[in-house]
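# Observations on the three-dimensional arrangement
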Amino acid sequence: MEERSRILVPIRYAAWLSGDLGRRLERDLRHGLGGVPGLRVLRIAGGFLVEAEEDPGPLTAAVFHAVEVLQDGVRQAYPMLTHELGSLWEGTLQVVFPAGPRPVPA
């Protein structure tokens, strides 16, 4: 595959991404996606950016599953924080498609 697929995982509140908690969540997400070829997980403002040498469809499915597992782990490990802030994410993933040549209208 020539292009790396990229998926943005928006996180509900920036507080989830800060400090040791943010580093732990990044590590846990990376671990949950361990079998994906060429994986790269970055913590960015407002969420995580997942890049991999994988087609967008299979990567989206893998990220969805990994974030669901991450969300369940957060609920168990941080019940009070989950109660106060709400869920880690709201079920939205954004696939970032590479900018390519645009078709010329006929």
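Whatever comes next refers back to the structure up there.
The paragraphs below set out a description of the structure included in this document. (Residues numbered from 1 in each chain as written. Predicted model: local features only at pLDDT ≥ 70, side-chain atom pairs only at ≥ 80, totals over all residues. Heavy atoms only, no water.)

What follows is about the pairing of strand β1 (residues 5-10). Within a regular strand, the side chains alternate between the two sheet faces. Bridging between β1 and strand β3 (residues 47-52) involves six bridges; their strand directions are antiparallel. Looking across to β3, one finds that L8 is bridged to L49. Pairing analysis gives three bridges linking β1 to strand β4 (residues 94-96), with the strands arranged antiparallel. Pairing of I7 across the sheet is with V95, part of β4. (Pairing = 2+ DSSP bridges. Helix = DSSP H or I, 4+ residues; strand = E, 2+ residues; numbered from the N terminus.)

Moving on, we come to the nonpolar core. Of all hydrophobic cores here, the largest spans 23 residues; its most connected members are V9, L29 and V63. Among the secondary structure elements, those contributing two or more residues to this core are β1, α1 (19-32), β3 and α2 (56-77). Here this core gets six residues from one element, more than from any other, and that element is α2. The contact partners of V9, leaving out residues within four places of it in the chain, are G46, G47, F48, V50, V63, V67, W89 and L93. (Core = buried A, V, L, I, M, F, W, Y, C linked by side-chain atoms within 4.5 Å. Buried < 20%, exposed > 50% of the residue type's maximum accessible area, 1.4 Å probe, protein only. Contact = heavy atoms within 4.5 Å.)

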